[in-house]
Amino acid sequence: MMDSTPTMTEQAEQLEVAVLHAADAIRAGGLVVYPTETIYALGADAGNAEAVQRLLAAKGRDDGRGMSVLVADLGQARVLLDTDPGTEAVELARRWWPGPLTLVLPAAAGLSRGLVGETGGVGLRCSSDPVAAALLKAAGVALTATSANPSSLEPARSVQTAREYFGDSVECYVDDGPRVAESASTVVEFLDGRAYLRRSGSVDVTGTINVQGG
């Protein structure tokens, strides 16, 4: 009996096709699940307010809590921001991007309310996961990077779990195996000229810039 298990080359080709399908879905206003270096994320075009509202409905979440947005660099993020990032944010991005670090910076006026947190900031990620990076490039737009789970449940670490959560409400699932990171991304918010450590996570930023606790 012949072994029907896909070869590594076949698996890579299948993954590439899945990424391209997901990119098409995003540009059409759909939702996708894709891997990051920590957990699986629920993605939509961050510049499409209707798609962001669909995402919030799928998660069972209201506006006003904010969510992370995946970008290639701070240059791509500039259109999402009210002002230039500032030297400390640039230094953190230089030191830790791509990687599990979320920078929260003042959001531009007119940005979808679903992306903006209570303090008026938008969270920015630059993922080191090659599949997430490939999807970002193929889609050609900034992507939401909120965790792939309804608000009351644990973040999905596999596509199987994400499918159980969202079913047909998501147009495309990009499967790259389970994610086993023990901690989420570190979150640093820049507010009123100061940097605040909002969540300790996979990287330690305290030796890079001066951050306030809480």
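See the structure shown above.
The sections below set out a description of the structure shown in this document. Keep in mind that this is a model prediction, so the values were computed, not measured.

## Remarks on the packing of aromatic side chains
- For the structure shown, the criterion picks out one aromatic pair.
- Seen in terms of ring centroids, Tyr 165 and Phe 166 are 6.2 Å apart; in terms of plane orientation they differ by 80°. Their pairing is edge-to-face.
- Given a relative accessible area of 23%, Tyr 165 falls into the partly exposed group.
- In this structure Phe 166 comes out as buried when scored by relative accessible area, which is 6%.
- The ring of Trp 96 carries the charged tip of Arg 95 above its face, separated from the ring centre by 4.0 Å.

## Describing the sheet that holds strand E3 (residues 68-70)
- Across the sheet, which stays open at both edges, the seven strands sit in the order E6-E3-E5-E4-E9-E10-E11 with mixed pairing between neighbours. If you trace the sheet from one side to the other, it starts and ends with strand E6 (143-144) and strand E11 (212-213), each paired once.
- Summarising the sheet, strand E4 (residues 99-106) and strand E9 (residues 186-191) pair through four bridges and their orientation is parallel. Within E9, the residue paired with Thr 102 across the bridge is Val 187.
- This element, helix H4 (residues 87-96), spans E4, E9 and strand E10 (194-199) of the sheet and lies at about 165° to E4.

## With respect to the sheet that holds strand E2 (residues 40-43)
- Taking strand neighbours across the sheet as the criterion, the four strands line up as E7-E2-E1-E8 in an open arrangement whose pairing is mixed. Each end of this open sheet is capped by a strand with a single partner; those strands are strand E7 (146-147) and strand E8 (172-173).

## Examining the pattern of salt bridges
- Scanning all chains against the criterion turns up eight salt bridges.
- Between Glu 171 and Arg 54 there is a salt bridge, and its shortest N-O distance comes to 3.1 Å. You can see Glu 171 sitting in the loop between helix H6 (159-166) and E8 and its partner Arg 54 sitting in helix H2 (residues 49-59), a full 117 residues away along the chain.
- For Arg 54, a relative accessible area of 32% gives the class partly exposed.

## Topic: the nonpolar core
- In terms of nonpolar packing, the biggest core is built from 48 residues, with Leu 124 and Val 188 touching the most fellow members.
- Residues contacting Val 188, with those up to four places away along its chain left out, are Leu 92, Leu 101, Thr 102, Leu 103, Val 104, Ala 195, Tyr 196, Leu 197, Val 205 and Val 211.
- One finds Ala 18, Ala 25, Ala 139 and Leu 143 within the second-largest nonpolar core, a separate group that totals 20 residues.

## Some thoughts on H6
- Buried residues of H6: Val 159, Ala 162 and Phe 166, and no others. The buried residues of H6 occupy one face: seen down the axis, they fall within an arc of 55°. Relative to its buried face, H6 has exposed residues pointing more than 90 degrees away, namely Gln 160 and Glu 164.
- Those residues of H6 hidden inside the fold are in contact with strand E1 (32-35), E2, H2 and E8.

## A word on helix H1 (residues 8-27)
- Taking 1.5 Å as the rise per residue, H1 with 20 residues should run 28 Å; its terminal C-alpha atoms sit 29 Å apart, in good agreement.
- For H1, the full list of buried residues reads Leu 15, Ala 18, Val 19, Ala 22, Ala 23, Ala 25 and Ile 26. Viewed end-on, H1 has its buried residues packed into an arc of 160°, placing them on one side of the element. Away from its buried face, by an angle of more than 90 degrees, H1 presents the exposed residues Thr 9 and Glu 16.
- Looking at the packing, one finds that the buried side of H1 touches E1, helix H5 (130-139), E6 and E8.
- Looking one or two residues beyond H1, the residue adopting positive phi is Gly 29, at roughly 90°.

Parameters and conventions
Residues numbered from 1 in each chain as written. Predicted model: local features only at pLDDT ≥ 70, side-chain atom pairs only at ≥ 80, totals over all residues. Heavy atoms only, no water. Phe/Tyr/Trp six-rings, centres within 6.5 Å; stacked < 30°, edge-to-face > 60°. Buried < 20%, exposed > 50% of the residue type's maximum accessible area, 1.4 Å probe, protein only. Lys NZ or Arg CZ within 6 Å of the ring centre and 35° of its normal. Pairing = 2+ DSSP bridges. Helix = DSSP H or I, 4+ residues; strand = E, 2+ residues; numbered from the N terminus. Contact = heavy atoms within 4.5 Å. Axes fitted to C-alpha atoms, helices over the stretch in contact; angles between N-to-C directions. Salt bridge = Lys/Arg side-chain N within 4 Å of Asp/Glu carboxyl O. Core = buried A, V, L, I, M, F, W, Y, C linked by side-chain atoms within 4.5 Å. Arc of directions from axis to C-beta. Expected span 1.5 Å × (residues − 1).

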